[in-house]
Amino acid sequence: MNSASAPSNRTTAMAVVATLVVASLLYMHPAAQGTRPPDALFWLLIAALGVAALWTIRRVAAIQGTRFDGVLTAALFGLWVLYFWQVLVVAFEVPRVLLPAPTLITQSLLDNSDKLWGDFEQTVLKAVGVGWLLGCGLGFAVAVAIDRMPFLQRGLLPLASLTSTIPLVAVAPIAVMWFGFEWPSKAAVVVLMTFFPMLVSTLAGLKASGKLERELMHSYGASYGRTLWSLRLPSATPFLMGALKINATLALIGAIVAEFFGSPTVGLGFRISTEASRMNMPLVWGAIVVAAVTGSLVYALLVQLERRVAFWHPSVRGK
């Protein structure tokens, strides 16, 4: 970091701290605590704080030269969203059935941590984990088979594309009838959702290697397996990682939705559906938070893995 940017970054840090201190003081206002109706001065302070928050976010986003630039910006933005969510919901006296305050959601997470952990195991570790691995692995294997034997493209590819058009709400009850109410039926839905994206991405990636390189491997007498392992799969790595990232999100959504159509007394989808019918919205939002944080962490881990295995690719090298 050069000397010119150091004072600017120091000023930004001081502005962020000062704004957070003001926000903490304003949070103690009776209107923000729900003990008194908000007055004009309160709304004026909220508006001024909102302007200051946007300014600090822009200043933090403009910081360069550190490894955690994007993380700091996202963390500050998320913090301000939670703050204004909390203050405005309390000030406007929004019913918790419509939108619970973040403090209520946090309290629900703490009070039901054991229950939500069981839901996490059922949905994420079992249904999503197994279905994601099987779906991606099957899509990859079929893509390699189609690439090795082009005549299969006329038969398998149309059938594979057909699987991507099947509505989730239609196949989920059928999967429950076939595989029961436990997690294997949800894993089967996840396999169906993740199969086609991996198939298409793998086929596109296998064609990404240059014609000159393939002809060079052929002139050396390399077999199909050697060419696949040494040339074509490395070229396809960015495509494969892209499919893995997309499928990680699809798998989580598919498993949760599938649990709406039949599930034992555990699972994130079951929890959301059941507690919503009971109007226990803080716990519903708690389950949503668990799912959202899980999906974000898995996506972030796959991004880091992509940077390690495809570090040579221009799309990764520039990050």
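Now for a quick tour of the structure. No experiment lies behind these values; they were computed from the predicted model shown. (Residues numbered from 1 in each chain as written. Predicted model: local features only at pLDDT ≥ 70, side-chain atom pairs only at ≥ 80, totals over all residues. Heavy atoms only, no water.)

**Let's talk about the overall build of the protein**
And step 1. The secondary structure content of the protein amounts to 14 helices and zero strands.
And step 2. Secondary structure elements of the protein, listed N to C terminal, follow the sequence α-α-α-α-α-α-α-α-α-α-α-α-α-α.
And step 3. For 319 residues, the compact-globule estimate of 2.2 N^0.38 gives 20 Å, and the C-alpha radius of gyration of the protein, at 25 Å, exceeds that figure by more than 25%.
And step 4. With respect to the three principal axes, the spread of C-alpha positions in the protein is 80 × 60 × 30 Å.
And step 5. A burial count over the protein gives 40% of its 319 residues as buried.
And step 6. The long-range share in the protein, meaning contacts at least 24 apart out of those at least 6 apart in sequence, stands at 71%.
And step 7. Approximately 18,000 Å² of the protein is accessible, and the part contributed by carbon and sulfur atoms is 71%.
And step 8. Seen as two clouds, the 23 positive and the 14 negative side-chain charges of the protein have centres 11 Å apart. (Helix = DSSP H or I, 4+ residues; strand = E, 2+ residues; numbered from the N terminus. Rg over C-alpha atoms; globule rule 2.2 N^0.38 Å. Buried < 20%, exposed > 50% of the residue type's maximum accessible area, 1.4 Å probe, protein only. Contact = heavy atoms within 4.5 Å. Areas by Shrake-Rupley, 256 points an atom, 1.4 Å probe, with all protein chains shown as cover. Lys, Arg positive; Asp, Glu negative; His and termini not counted. Charge placed at Lys NZ, Arg CZ, Asp CG, Glu CD.)

**Structural notes on the packing of aromatic side chains**
And step 1. Per the counting criterion, the structure on display carries nine aromatic pairs.
And step 2. Relative to W285, the ring of W85 has its centre 5.6 Å away and its plane inclined at 65°; by these criteria the two rings are edge-to-face. Pair noted here: W85 is in helix α4 (residues 69-91) and W285 is in helix α13 (residues 281-309), with a separation of 200 residues, a long-range link.
And step 3. In textbook terms, an aromatic cluster arises when at least three aromatic residues are bridged by ring pairs, as seen for Y27, W80, Y83 and F84. (Phe/Tyr/Trp six-rings, centres within 6.5 Å; stacked < 30°, edge-to-face > 60°.)

**What to know about the environment of A251**
And step 1. One can find A251 in helix α11 (residues 224-258).
And step 2. On the accessibility criterion, A251 (0% relative accessible area) is buried.
And step 3. Measuring from C-alpha to C-alpha, the distance between A251 and K186 comes to 9.5 Å, with 65 residues separating the pair along the chain.
And step 4. Ignoring any residue separated from it by four or fewer positions in sequence, one finds A251 in contact with V128, W132, V190 and T194.

**So, the side chain of E259**
And step 1. Considering the arrangement of structural elements, one finds E259 in the loop between α11 and α12 (268-277).
And step 2. Although E259 lies buried, it forms no salt bridge, and the closest oppositely charged side chain, K186, sits 6.2 Å away as judged by the N-O distance.
And step 3. A polar contact of 2.5 Å, which involves the side chain of E259, links it to the backbone nitrogen of G269.
And step 4. Discounting chain neighbours no more than four positions away, the residues touching E259 are Q122, T123, K186, G267, L268, G269 and F270. (Salt bridge = Lys/Arg side-chain N within 4 Å of Asp/Glu carboxyl O. Polar contact = N/O pair within 3.5 Å; in protein donor to acceptor, adjacent residues only side chain to side chain.)

**Describing the packing of α11 against α13**
And step 1. At a minimum axis separation of 10 Å, α11 and α13 run at an interaxial angle of 170°. If you check the angle between α11 and α13, you find them roughly antiparallel. Two secondary-structure elements touch here, α11 through T237, P238, M241, L244, K245, A248, L252 and I256 and α13 through A291, G295, V298, Y299, L302, V303, L305, E306 and V309. (Axes fitted to C-alpha atoms, helices over the stretch in contact; angles between N-to-C directions. Parallel < 35°, antiparallel > 145°, perpendicular 65-115°, else oblique.)

**Some points on the pattern of salt bridges**
Opposite charge on two side chains makes pairing possible when the charged atoms of those side chains draw close.
And step 1. Summed over all chains, the structure comprises five salt bridges.
And step 2. Measuring nitrogen to oxygen at the nearest pair gives 4.0 Å for the salt bridge that ties D39 to R36.
And step 3. A relative accessible area of 32% places D39 in the partly exposed class.
And step 4. The exposure class assigned to R36 is partly exposed, which follows from its relative accessible area of 41%.
And step 5. A salt bridge links D147 to R232; the shortest N-O distance between them is 2.6 Å. Note that D147 is positioned in helix α6 (residues 113-148) and R232 in helix α11, a separation of 85 residues in sequence. As far as burial versus exposure is concerned, D147 and R232 are alike and both buried.

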